[in-house]
Amino acid sequence: MHSAAAKALFLRDVDRFPEVLLQERRWTILEREYPILEVLFEADARVPLRVRLTCEEWNALPPSIKLMSKGGGALAKMPTAPGAQLHSVPHPATGLPFVCMVGTREYHTHPVHRGDAWDNYRHASGYDIGGILTRVWRAWLTALP
Amino acid sequence: MAHNEKDDVPKNHVAVVIATTAGTWPLSGSELVPDHQKLEVALEKAAKALEITNTSGWIATAGGRKLDPTKSYLENQLSNRCTIDFGPVESGGGARA
């Protein structure tokens, strides 16, 4: 995909997050410059989670997602979600814990899920950048704190 | 009916905002709706206005509490002014290395 088109699509997706929603969800946008979106999730009685989406070639490719501590360092402990979306077992390509969920690059490049192509989802509702981030956030909310 | 945030909410009504990562409905301010109306009416209007073509599997919450779109604002214990967070649920995962 042409990088200017990818950037325009990225900006369309991330510039429309309404302030009222950010407040309701307690999301703090830390960085919003193509191809990076970095958001801090906070909630009562939960360890905050910093989520970095790298969205180059959006949306020909799904975002690569990195989970970090509030300060931007490695997570001391990966949250454990009941649906196993947050994986402490390293991804074979990156060697890092990863988000194993439709809509993330780590899912679609994992050997177990290579048959489940991103193209099956990329134009579907709820698989824009905000939708994917929402899914990660909900997985985090269901995880052990 | 659009509602001015500075005005009081009339009796038996709710001033509602539907918030999604694709924007809000209404675009600004809030919408005045009867408190006995089902939530799904506003959710459908929001999806249409925001050009969200498929919301099957999405959930609505307020203050972190999951709402039932097939029930009214009253039945969902929503009154006066409310912001409804509307979005997809986490999708499945489960790869094993």
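Right above here is the structure, for reference.
For clarity, every value in this text was computed on a predicted model and none was experimentally measured. (Residues numbered from 1 in each chain as written. Chains lettered and ligands numbered in written order. Predicted model: local features only at pLDDT ≥ 70, side-chain atom pairs only at ≥ 80, totals over all residues.)

Trainee: How do you make sense of the overall build of chain A when you look at a structure like this?
Mentor: Of the regular secondary structure elements, chain A holds four helices and six strands. Helices and strands appear in chain A in the N-to-C order α-α-β-β-β-β-β-β-α-α. Relative to its length of 145 residues, chain A is compact, with a C-alpha radius of gyration of 14 Å against a globular reference of 15 Å. Expressed as lengths along the three principal axes of its C-alpha atoms, the size of chain A is roughly 40 × 40 × 25 Å. Taking all contacts inside chain A whose residues are at least 6 apart in sequence as the whole, residues at least 24 apart take part in 46%. (Helix = DSSP H or I, 4+ residues; strand = E, 2+ residues; numbered from the N terminus. Rg over C-alpha atoms; globule rule 2.2 N^0.38 Å. Contact = placed C-beta atoms within 7 Å.)

Trainee: Help me understand helix α1 (residues 3-14) of chain A, please; the structure alone is not making it clear to me.
Mentor: An α-helical turn contains 3.6 residues, so any two residues separated by three or four positions project in the same direction. Residues and elements named next belong to chain A. End to end, α1 covers 16 Å across twelve residues, agreeing with the expected 16 Å (1.5 Å per residue, within 8%). Residues of α1 that are buried include every one of F10, D13 and V14, and no others. One side of α1 carries all its buried residues, which in axial view fall inside an arc of 85°. (Expected span 1.5 Å × (residues − 1). Buried ≥ 20, exposed ≤ 12 C-beta atoms within 10 Å, placed from the backbone. Arc of directions from axis to C-beta.)

Trainee: So what exactly am I meant to see when it comes to the nonpolar core here?
Mentor: Across soluble globular proteins, you tend to see nonpolar side chains buried next to one another. Counting residues in each nonpolar core, the largest one holds 53 residues, and the members touching the most others are V51 and V136 of chain A together with V16 and I18 of chain B. Ranked by the residues each element gives to this core, the list is headed by helix α4 (residues 129-142) of chain A, at seven residues. The contacts of V51 of chain A, once residues within four sequence positions are left out, are V39, F41, I65, L67, L133 and V136 of chain A. (Core = buried A, V, L, I, M, F, W, Y, C linked by C-beta atoms within 7 Å.)

Trainee: Looking at this structure, I do not really get the environment of Q77 of chain B. What am I missing?
Mentor: Residues and elements named next belong to chain B. Note on placement: Q77 falls in the loop between β6 (65-66) and β7 (80-88). C-beta crowding within 10 Å serves as the criterion here: with 11 such atoms nearby, Q77 is assigned to the exposed category. Separated by ten residues in the primary sequence, Q77 and L67 place their C-alpha atoms 9.1 Å from one another.

Trainee: Could you clarify how one ought to interpret the interface of chain B and chain A in this entry?
Mentor: Interface extent is often summarised as the accessible area lost during association of the parts. Contacts between chain B and chain A engage 24 residues on the former and 34 residues on the latter. Mapped by element, the contributors of at least two residues to the side of chain B that touches chain A are β2 (13-20), β3 (23-25) and β7 of chain B. Considering every element that reaches the side of chain B that touches chain A, the biggest residue donor is β7 of chain B, with four residues. Looking at the side of chain B that touches chain A residue by residue, the class counts come to nine nonpolar, twelve polar and three charged. (Nonpolar A, V, L, I, M, F, W, Y, C, P; charged D, E, K, R; others polar.)

Trainee: Looking at this structure, how should I read the pairing of strand β2 (residues 36-41) of chain A?
Mentor: Residues and elements named next belong to chain A. Taking every second residue as pointing to the same face, the buried face of β2 carries L37, V39 and F41, while none of I36, E38 and L40 on the other face is buried. Examined bridge by bridge, strand β1 (residues 27-33) and β2 share six bridges and lie antiparallel to one another. Looking at the pairing, E31 lines up with E38 of β2. In this antiparallel pair of consecutive strands, β1 and β2, the connection spans two residues. Where β2 lies against strand β3 (residues 49-54), six bridges are found, and the strand directions are antiparallel. Bridging from a neighbouring strand, L40 pairs with R50 of β3. (Pairing = 2+ DSSP bridges.)

Trainee: I keep staring at the sheet that holds β2 of chain A and nothing clicks. Help me out?
Mentor: Strand pairing in a sheet takes place through backbone hydrogen bonds and is either antiparallel or parallel in direction. All names here are of chain A. Pairing in this open sheet of four strands is antiparallel, and the strands run β1-β2-β3-β4 from one edge to the other. Taken across any chain shown, the strands that pair with only one partner, and hence form the sheet edges, are β1 and β4 (64-68). Direction aside, the axes of adjacent strands within the sheet are offset by 15° on average. (Axes fitted to C-alpha atoms, helices over the stretch in contact; angles between N-to-C directions.)

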